[in-house]
Amino acid sequence: MKIAIASGKGGTGKTLVSTNLFQIVRKAGKPVILIDCDSEEPNDQQFINGNLIDEQLVTQNIPVIDTDKCTYCGKCQEYCHYNAILVLPEIKHIQVVEDLCHDCGACLYACQYGAITEKEKMIGAITKFEVDERSSLYESRIEVGVYSSVPLIREAIKDAGNGHFAILDAPPGTSCPFIATVEQADYVVLVTEPTPFGLNDLKLSVETLQELKKPFGVVINRAGLGNNAVQEYLAENKIQLLAEIPFDRKIAASYSEGVLITDSLDEYRELFVQLYKTLEKKAS
Amino acid sequence: MKIAITASENKPEAKLDSRFGRCAYFAIYDTENGSTEFIQNPNKESVEGAGPASVQLIASKGVKQIISGEFGGKVKSILESLQIQMIMFNGPEKSVDEIIKLINQN
(Lines give C-alpha, C1' and ligand atoms only; values in the text may rest on other atoms or scores of the structure.)
Protein backbone atom coordinates (compact mmCIF):
# COMPACT_ATOMS: atom_id res chain seq x y z
CA MET A 1 0.00 0.00 0.00
CA LYS A 2 1.43 3.32 -1.10
CA ILE A 3 -0.10 6.56 0.13
CA ALA A 4 1.04 9.92 -1.27
CA ILE A 5 0.62 12.99 0.92
CA ALA A 6 0.31 15.93 -1.45
CA SER A 7 -1.00 19.47 -1.83
CA GLY A 8 -1.24 22.08 -4.53
CA LYS A 9 -0.17 24.83 -2.19
CA GLY A 10 3.12 24.71 -0.29
CA GLY A 11 3.14 25.05 3.48
CA THR A 12 -0.23 23.42 4.11
CA GLY A 13 1.10 20.59 6.28
CA LYS A 14 2.27 17.70 4.08
CA THR A 15 5.27 17.11 6.32
CA LEU A 16 3.14 17.37 9.48
CA VAL A 17 0.74 14.71 8.16
CA SER A 18 3.46 12.47 6.65
CA THR A 19 5.73 12.36 9.69
CA ASN A 20 2.92 11.87 12.22
CA LEU A 21 1.23 9.19 10.14
CA PHE A 22 4.60 7.43 9.88
CA GLN A 23 5.00 7.57 13.66
CA ILE A 24 1.52 6.10 14.28
CA VAL A 25 2.06 3.20 11.87
CA ARG A 26 5.52 2.58 13.34
CA LYS A 27 4.22 2.62 16.94
CA ALA A 28 1.53 0.13 15.88
CA GLY A 29 4.42 -2.23 15.09
CA LYS A 30 3.68 -2.36 11.35
CA PRO A 31 6.40 -2.28 8.70
CA VAL A 32 6.47 1.26 7.28
CA ILE A 33 8.63 3.42 5.07
CA LEU A 34 8.47 7.19 4.73
CA ILE A 35 9.93 8.59 1.51
CA ASP A 36 10.58 12.31 1.34
CA CYS A 37 9.96 13.05 -2.35
CA ASP A 38 10.15 16.83 -1.86
CA SER A 39 13.71 16.69 -3.18
CA GLU A 40 14.10 20.43 -3.54
CA GLU A 41 13.70 20.92 0.18
CA PRO A 42 13.36 17.65 2.06
CA ASN A 43 12.65 18.10 5.78
CA ASP A 44 11.08 14.89 7.15
CA GLN A 45 14.43 14.05 8.67
CA GLN A 46 14.12 17.01 11.03
CA PHE A 47 11.29 15.17 12.81
CA ILE A 48 12.36 11.53 12.51
CA ASN A 49 15.56 10.18 14.06
CA GLY A 50 17.20 7.24 12.39
CA ASN A 51 20.58 5.64 11.79
CA LEU A 52 22.17 6.37 8.46
CA ILE A 53 22.43 3.06 6.57
CA ASP A 54 23.10 4.02 2.98
CA GLU A 55 23.62 6.92 0.62
CA GLN A 56 22.90 6.26 -3.02
CA LEU A 57 24.02 8.75 -5.65
CA VAL A 58 21.62 9.08 -8.57
CA THR A 59 22.84 9.94 -12.04
CA GLN A 60 21.29 10.40 -15.43
CA ASN A 61 22.84 9.85 -18.83
CA ILE A 62 23.52 12.81 -21.09
CA PRO A 63 24.52 12.41 -24.76
CA VAL A 64 28.03 13.41 -25.80
CA ILE A 65 28.57 14.08 -29.48
CA ASP A 66 31.77 13.21 -31.30
CA THR A 67 32.00 15.97 -33.89
CA ASP A 68 34.57 13.97 -35.91
CA LYS A 69 32.00 11.25 -36.55
CA CYS A 70 28.90 13.50 -36.74
CA THR A 71 27.59 14.17 -40.26
CA TYR A 72 25.12 16.83 -39.04
CA CYS A 73 22.27 14.80 -40.56
CA GLY A 74 19.91 16.09 -37.86
CA LYS A 75 18.29 12.74 -37.10
CA CYS A 76 19.08 12.93 -33.36
CA GLN A 77 17.45 16.33 -33.19
CA GLU A 78 14.40 15.01 -35.03
CA TYR A 79 14.12 12.10 -32.56
CA CYS A 80 14.51 14.29 -29.47
CA HIS A 81 11.05 15.04 -28.13
CA TYR A 82 12.42 17.55 -25.61
CA ASN A 83 14.31 19.94 -27.90
CA ALA A 84 17.54 19.03 -26.11
CA ILE A 85 19.68 18.86 -29.27
CA LEU A 86 20.41 21.72 -31.63
CA VAL A 87 21.84 20.96 -35.09
CA LEU A 88 22.83 23.54 -37.69
CA PRO A 89 24.30 21.67 -40.68
CA GLU A 90 25.14 24.86 -42.63
CA ILE A 91 27.64 25.98 -40.01
CA LYS A 92 28.48 22.48 -38.68
CA HIS A 93 27.20 23.20 -35.23
CA ILE A 94 25.72 20.62 -32.88
CA GLN A 95 24.92 21.22 -29.22
CA VAL A 96 23.25 19.34 -26.36
CA VAL A 97 21.11 21.41 -23.98
CA GLU A 98 21.75 19.28 -20.88
CA ASP A 99 18.93 20.76 -18.80
CA LEU A 100 16.34 19.60 -21.30
CA CYS A 101 17.63 16.01 -21.63
CA HIS A 102 15.26 13.39 -20.21
CA ASP A 103 17.72 10.49 -20.58
CA CYS A 104 15.38 8.66 -22.96
CA GLY A 105 18.12 7.32 -25.25
CA ALA A 106 16.30 8.19 -28.48
CA CYS A 107 19.26 10.16 -29.89
CA LEU A 108 21.56 7.17 -29.37
CA TYR A 109 19.13 5.03 -31.29
CA ALA A 110 18.74 7.65 -34.02
CA CYS A 111 22.46 8.10 -34.77
CA GLN A 112 23.68 5.80 -37.53
CA TYR A 113 27.25 7.06 -37.42
CA GLY A 114 28.19 6.07 -33.87
CA ALA A 115 28.77 9.72 -33.03
CA ILE A 116 26.79 9.68 -29.79
CA THR A 117 28.00 8.20 -26.51
CA GLU A 118 26.75 9.01 -23.04
CA LYS A 119 28.22 10.50 -19.89
CA GLU A 120 26.82 10.37 -16.39
CA LYS A 121 25.57 13.48 -14.67
CA MET A 122 24.95 13.56 -10.92
CA ILE A 123 21.40 14.69 -10.25
CA GLY A 124 21.00 13.95 -6.56
CA ALA A 125 21.17 11.50 -3.71
CA ILE A 126 18.88 9.19 -1.77
CA THR A 127 19.84 8.92 1.91
CA LYS A 128 18.41 5.95 3.76
CA PHE A 129 17.86 5.88 7.52
CA GLU A 130 16.76 2.95 9.65
CA VAL A 131 14.36 4.16 12.33
CA ASP A 132 13.77 0.74 13.88
CA GLU A 133 13.92 -2.79 12.53
CA ARG A 134 10.59 -2.45 10.74
CA SER A 135 10.66 1.16 9.66
CA SER A 136 12.85 3.41 7.58
CA LEU A 137 13.08 6.90 6.13
CA TYR A 138 14.38 7.66 2.65
CA GLU A 139 15.30 11.23 1.82
CA SER A 140 15.70 12.34 -1.80
CA ARG A 141 17.78 15.47 -2.29
CA ILE A 142 18.40 17.06 -5.68
CA GLU A 143 21.70 18.67 -6.68
CA VAL A 144 21.57 22.45 -6.82
CA GLY A 145 20.92 23.62 -10.38
CA VAL A 146 19.42 20.34 -11.66
CA TYR A 147 16.35 21.11 -13.73
CA SER A 148 14.04 18.15 -13.02
CA SER A 149 13.70 16.02 -9.90
CA VAL A 150 11.54 13.42 -11.68
CA PRO A 151 14.25 10.73 -12.27
CA LEU A 152 15.43 11.11 -8.66
CA ILE A 153 11.89 10.75 -7.26
CA ARG A 154 11.26 7.68 -9.45
CA GLU A 155 14.43 6.07 -8.11
CA ALA A 156 13.55 6.92 -4.48
CA ILE A 157 10.12 5.28 -4.66
CA LYS A 158 11.15 2.36 -6.86
CA ASP A 159 11.12 -0.26 -4.09
CA ALA A 160 8.32 1.25 -2.01
CA GLY A 161 5.22 -0.69 -1.10
CA ASN A 162 6.61 -4.22 -1.10
CA GLY A 163 5.15 -5.68 2.07
CA HIS A 164 5.08 -2.43 3.97
CA PHE A 165 2.96 0.64 4.30
CA ALA A 166 4.68 3.35 2.25
CA ILE A 167 4.12 7.06 2.80
CA LEU A 168 5.29 9.32 -0.03
CA ASP A 169 5.69 12.95 1.08
CA ALA A 170 5.10 14.69 -2.26
CA PRO A 171 6.58 17.95 -3.55
CA PRO A 172 4.13 20.88 -3.65
CA GLY A 173 2.36 22.00 -6.80
CA THR A 174 0.81 19.98 -9.61
CA SER A 175 3.72 19.80 -12.05
CA CYS A 176 5.95 16.87 -13.09
CA PRO A 177 7.55 16.13 -9.65
CA PHE A 178 4.07 15.95 -8.08
CA ILE A 179 2.83 13.66 -10.85
CA ALA A 180 5.92 11.43 -10.61
CA THR A 181 5.08 10.91 -6.92
CA VAL A 182 1.30 10.46 -7.02
CA GLU A 183 1.30 8.22 -10.11
CA GLN A 184 3.04 5.56 -7.98
CA ALA A 185 0.51 5.82 -5.13
CA ASP A 186 -2.56 3.65 -4.55
CA TYR A 187 -4.27 6.50 -2.75
CA VAL A 188 -3.57 10.21 -2.36
CA VAL A 189 -4.18 12.40 0.68
CA LEU A 190 -4.46 16.06 -0.27
CA VAL A 191 -3.62 18.42 2.55
CA THR A 192 -5.14 21.87 2.33
CA GLU A 193 -5.93 24.87 4.49
CA PRO A 194 -9.27 26.69 4.70
CA THR A 195 -8.13 29.86 2.92
CA PRO A 196 -8.84 31.13 -0.62
CA PHE A 197 -5.25 30.17 -1.58
CA GLY A 198 -5.68 26.70 -0.13
CA LEU A 199 -8.96 26.19 -1.97
CA ASN A 200 -7.62 27.48 -5.31
CA ASP A 201 -4.65 25.13 -5.22
CA LEU A 202 -6.77 22.24 -3.90
CA LYS A 203 -8.97 22.52 -6.97
CA LEU A 204 -5.91 22.33 -9.24
CA SER A 205 -4.72 19.16 -7.46
CA VAL A 206 -8.20 17.61 -7.59
CA GLU A 207 -8.43 18.22 -11.35
CA THR A 208 -4.99 16.66 -11.88
CA LEU A 209 -5.79 13.58 -9.78
CA GLN A 210 -9.13 13.12 -11.53
CA GLU A 211 -7.32 13.16 -14.85
CA LEU A 212 -4.87 10.56 -13.52
CA LYS A 213 -7.85 8.56 -12.17
CA LYS A 214 -6.30 8.35 -8.70
CA PRO A 215 -8.53 7.86 -5.66
CA PHE A 216 -8.03 10.59 -3.07
CA GLY A 217 -9.38 12.26 0.05
CA VAL A 218 -8.67 15.55 1.81
CA VAL A 219 -7.21 16.55 5.16
CA ILE A 220 -7.92 20.13 6.22
CA ASN A 221 -5.10 21.55 8.30
CA ARG A 222 -5.49 24.70 10.44
CA ALA A 223 -9.26 24.12 10.46
CA GLY A 224 -11.02 27.07 12.03
CA LEU A 225 -8.79 29.58 10.28
CA GLY A 226 -10.35 31.39 7.32
CA ASN A 227 -13.79 30.30 6.11
CA ASN A 228 -15.87 27.21 5.28
CA ALA A 229 -15.41 27.39 1.51
CA VAL A 230 -13.19 24.29 1.41
CA GLN A 231 -15.75 22.20 3.33
CA GLU A 232 -18.50 23.44 1.00
CA TYR A 233 -16.42 22.61 -2.08
CA LEU A 234 -15.77 19.06 -0.77
CA ALA A 235 -19.46 18.49 -0.03
CA GLU A 236 -20.56 19.84 -3.40
CA ASN A 237 -18.10 17.62 -5.26
CA LYS A 238 -18.62 14.58 -3.01
CA ILE A 239 -14.94 14.43 -2.02
CA GLN A 240 -14.17 12.60 1.21
CA LEU A 241 -12.95 14.70 4.13
CA LEU A 242 -10.52 12.38 5.92
CA ALA A 243 -9.61 14.55 8.90
CA GLU A 244 -9.54 18.10 10.19
CA ILE A 245 -6.51 19.26 12.15
CA PRO A 246 -7.47 22.36 14.13
CA PHE A 247 -5.67 25.70 14.04
CA ASP A 248 -3.97 25.22 17.38
CA ARG A 249 -1.01 27.11 18.82
CA LYS A 250 0.15 23.95 20.60
CA ILE A 251 0.75 22.29 17.20
CA ALA A 252 2.92 25.17 16.01
CA ALA A 253 4.89 25.14 19.28
CA SER A 254 5.55 21.39 19.06
CA TYR A 255 6.41 21.57 15.35
CA SER A 256 8.85 24.44 15.86
CA GLU A 257 10.80 22.25 18.29
CA GLY A 258 10.87 19.33 15.87
CA VAL A 259 8.61 17.23 18.14
CA LEU A 260 5.89 15.15 16.49
CA ILE A 261 2.42 16.12 17.74
CA THR A 262 1.46 12.46 18.02
CA ASP A 263 4.24 12.16 20.61
CA SER A 264 3.55 15.37 22.49
CA LEU A 265 -0.24 15.84 22.34
CA ASP A 266 -2.67 12.99 23.15
CA GLU A 267 -5.65 14.41 21.23
CA TYR A 268 -3.67 14.40 17.98
CA ARG A 269 -2.37 10.89 18.51
CA GLU A 270 -6.00 9.76 18.44
CA LEU A 271 -6.69 11.87 15.33
CA PHE A 272 -3.83 10.20 13.43
CA VAL A 273 -4.78 6.72 14.66
CA GLN A 274 -8.21 7.31 13.13
CA LEU A 275 -6.67 8.63 9.92
CA TYR A 276 -4.48 5.52 9.66
CA LYS A 277 -7.53 3.28 10.16
CA THR A 278 -9.38 5.12 7.41
CA LEU A 279 -6.41 4.81 5.04
CA GLU A 280 -5.91 1.11 5.82
CA LYS A 281 -9.50 0.48 4.73
CA LYS A 282 -8.70 2.11 1.39
CA ALA A 283 -6.13 -0.65 0.81
CA SER A 284 -8.62 -3.48 1.17
CA MET B 1 22.42 40.79 -42.55
CA LYS B 2 19.28 39.08 -41.34
CA ILE B 3 17.55 40.31 -38.19
CA ALA B 4 14.68 38.42 -36.57
CA ILE B 5 11.95 40.30 -34.72
CA THR B 6 9.43 38.39 -32.61
CA ALA B 7 5.96 39.32 -33.87
CA SER B 8 2.47 38.75 -32.53
CA GLU B 9 0.92 38.42 -36.03
CA ASN B 10 2.16 37.85 -39.58
CA LYS B 11 1.92 41.43 -40.86
CA PRO B 12 4.18 44.49 -40.72
CA GLU B 13 1.78 46.38 -38.41
CA ALA B 14 1.91 43.50 -35.88
CA LYS B 15 3.16 44.38 -32.39
CA LEU B 16 6.44 43.00 -31.10
CA ASP B 17 5.78 39.72 -29.27
CA SER B 18 7.52 40.12 -25.90
CA ARG B 19 8.44 36.42 -25.61
CA PHE B 20 11.25 34.89 -27.64
CA GLY B 21 10.80 31.09 -27.58
CA ARG B 22 7.01 31.15 -27.58
CA CYS B 23 6.33 34.10 -29.86
CA ALA B 24 3.63 33.69 -32.53
CA TYR B 25 5.76 34.63 -35.57
CA PHE B 26 9.31 35.56 -36.45
CA ALA B 27 9.64 38.49 -38.83
CA ILE B 28 13.00 38.08 -40.57
CA TYR B 29 14.23 41.34 -42.00
CA ASP B 30 17.06 41.30 -44.52
CA THR B 31 19.03 44.58 -44.36
CA GLU B 32 20.60 43.95 -47.77
CA ASN B 33 17.45 43.84 -49.88
CA GLY B 34 14.94 45.32 -47.41
CA SER B 35 12.63 42.29 -47.56
CA THR B 36 10.70 40.90 -44.56
CA GLU B 37 9.66 37.27 -44.31
CA PHE B 38 7.19 36.07 -41.65
CA ILE B 39 7.57 32.52 -40.32
CA GLN B 40 5.05 30.94 -37.98
CA ASN B 41 6.73 29.67 -34.81
CA PRO B 42 5.99 25.92 -34.47
CA ASN B 43 7.44 25.97 -30.94
CA LYS B 44 4.79 28.29 -29.47
CA GLU B 45 2.97 25.42 -27.73
CA SER B 46 6.03 23.23 -27.01
CA VAL B 47 5.87 21.50 -23.64
CA GLU B 48 9.57 22.09 -23.05
CA GLY B 49 12.52 23.64 -24.79
CA ALA B 50 10.66 26.22 -26.88
CA GLY B 51 13.64 28.57 -26.56
CA PRO B 52 16.40 26.27 -27.90
CA ALA B 53 14.07 25.00 -30.65
CA SER B 54 13.38 28.58 -31.71
CA VAL B 55 17.11 29.31 -31.79
CA GLN B 56 17.50 26.29 -34.08
CA LEU B 57 14.79 27.70 -36.34
CA ILE B 58 16.11 31.25 -36.68
CA ALA B 59 19.78 30.20 -36.82
CA SER B 60 18.99 27.86 -39.72
CA LYS B 61 17.64 30.92 -41.56
CA GLY B 62 20.99 32.67 -41.13
CA VAL B 63 19.80 35.26 -38.62
CA LYS B 64 22.60 37.23 -36.89
CA GLN B 65 20.57 39.49 -34.59
CA ILE B 66 17.36 38.86 -32.71
CA ILE B 67 15.06 41.50 -31.26
CA SER B 68 12.57 40.50 -28.59
CA GLY B 69 11.24 41.54 -25.19
CA GLU B 70 12.55 38.62 -23.13
CA PHE B 71 15.06 35.81 -23.53
CA GLY B 72 14.91 32.69 -21.34
CA GLY B 73 17.88 31.42 -19.34
CA LYS B 74 18.68 28.43 -21.55
CA VAL B 75 18.70 30.47 -24.73
CA LYS B 76 21.28 33.10 -23.78
CA SER B 77 24.31 30.80 -23.70
CA ILE B 78 23.27 29.07 -26.93
CA LEU B 79 22.86 32.38 -28.76
CA GLU B 80 26.24 33.52 -27.44
CA SER B 81 27.95 30.35 -28.70
CA LEU B 82 26.34 30.89 -32.12
CA GLN B 83 27.37 34.55 -32.03
CA ILE B 84 23.81 35.70 -32.57
CA GLN B 85 23.27 39.03 -30.87
CA MET B 86 20.29 39.44 -28.53
CA ILE B 87 18.60 42.82 -28.43
CA MET B 88 16.06 43.34 -25.67
CA PHE B 89 13.36 45.77 -26.61
CA ASN B 90 11.56 47.03 -23.52
CA GLY B 91 10.44 50.47 -24.63
CA PRO B 92 6.85 51.55 -25.40
CA GLU B 93 4.96 49.03 -27.53
CA LYS B 94 6.22 49.11 -31.12
CA SER B 95 5.18 47.34 -34.28
CA VAL B 96 7.45 45.34 -36.59
CA ASP B 97 7.54 48.06 -39.27
CA GLU B 98 8.33 50.73 -36.66
CA ILE B 99 11.24 48.62 -35.38
CA ILE B 100 12.52 48.15 -38.95
CA LYS B 101 12.42 51.93 -39.36
CA LEU B 102 14.51 52.30 -36.20
CA ILE B 103 17.03 49.75 -37.53
CA ASN B 104 17.41 51.75 -40.75
CA GLN B 105 17.85 55.04 -38.92
CA ASN B 106 20.84 53.66 -37.00
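In the annotation of an unreviewed UniProt entry, chain B is listed under the name NifB/NifX family molybdenum-iron cluster-binding protein and assigned to Gaoshiqia sediminis.

As annotated in an unreviewed UniProt entry, chain A carries the name ATP-binding protein and is attributed to Gaoshiqia sediminis.

Novice: Is there a simple way to explain the overall build of chain B in this structure?
Specialist: Across its full length, chain B holds three helices and five strands. The N-to-C order of helical and strand elements in chain B reads β-β-β-α-β-α-β-α. In terms of overall dimensions, chain B is globule-like: its C-alpha atoms have a radius of gyration of 12 Å, near the 13 Å expected for 106 residues. Considered along the principal axes of its C-alpha atoms, chain B spans approximately 35 × 25 × 25 Å. With 106 residues in all, chain B has 34% of them scored as buried. The contacts of chain B with a sequence gap of at least 6 include a subset with a gap of at least 24, amounting to 49%.

Novice: What's the story with the nonpolar core in this structure? I'm lost.
Specialist: Proteins that are soluble and globular tend to have nonpolar side chains buried together. Ranked by internal contacts, the top residues of the largest apolar core, which has 61 residues, are I5(A), I35(A) and L168(A). Contact partners of I5(A), with chain neighbours within four places excluded, come to K14(A), V17(A), S18(A), I167(A), L168(A), D169(A), A170(A), V189(A) and V191(A). In terms of nonpolar packing, the next biggest core, distinct from the first, is built from 37 residues, I85(A), V97(A), L16(B) and C23(B) among them.

Novice: Quick question: what am I supposed to make of the UniProt feature "domain: Dinitrogenase iron-molybdenum cofactor biosynthesis" (unreviewed entry) in chain B here?
Specialist: UniProt marks residues 13-103 of chain B with the feature "domain: Dinitrogenase iron-molybdenum cofactor biosynthesis" (unreviewed entry), using the numbering shown here. Across residues 13-103 of chain B, helical content stands at 31% and strand content at 23%; the span's end C-alpha atoms are separated by 16 Å.

Novice: Mind showing me how you'd approach the interface of chain B and chain A here?
Specialist: Accessible area lost on assembly of the parts is the figure often given for the size of an interface. The interface is formed by 13 residues belonging to chain B together with eleven residues belonging to chain A. Tallying contributions element by element places helix α1 (residues 50-60) of chain B first for the side of chain B that touches chain A, with six residues. Its residues assigned to classes, the side of chain B that touches chain A comprises six nonpolar, five polar and two charged.

Novice: What am I meant to see in the domain arrangement of chain A here?
Specialist: Along its sequence, chain A is carved into domain 1 (2-58 + 124-283) and domain 2 (67-114). One C-alpha centre belongs to domain 1 of chain A, the other to domain 2 of chain A; they are set 40 Å apart.

Novice: Help me understand helix α6 (residues 196-212) of chain A in this model?
Specialist: Working note: α-helix, 3.6 residues per turn, so residues spaced by three or four point in the same direction. Residues and elements named next belong to chain A. The first and last C-alpha atoms of α6 sit 25 Å apart over 17 residues, in line with the 24 Å expected at 1.5 Å per residue. Among the residues of α6, G198, L199, D201, L202, S205, V206, T208 and L209 are the ones counted as buried. At its buried positions, α6 is contacted by β1 (2-6), α5 (176-182), β9 (187-192), β10 (216-223) and α7 (229-236). Taken from the residues just after α6, K213 is the one with a positive phi, measuring 55 degrees.

Quick notes on the rules
Residues numbered from 1 in each chain as written. Chains lettered and ligands numbered in written order. Predicted model: local features only at pLDDT ≥ 70, side-chain atom pairs only at ≥ 80, totals over all residues. Helix = DSSP H or I, 4+ residues; strand = E, 2+ residues; numbered from the N terminus. Rg over C-alpha atoms; globule rule 2.2 N^0.38 Å. Buried ≥ 20, exposed ≤ 12 C-beta atoms within 10 Å, placed from the backbone. Contact = placed C-beta atoms within 7 Å. Core = buried A, V, L, I, M, F, W, Y, C linked by C-beta atoms within 7 Å. UniProt positions renumbered as here; feature names shortened; annotations may be inferred. Nonpolar A, V, L, I, M, F, W, Y, C, P; charged D, E, K, R; others polar. Domains from an automatic or database assignment. Expected span 1.5 Å × (residues − 1).

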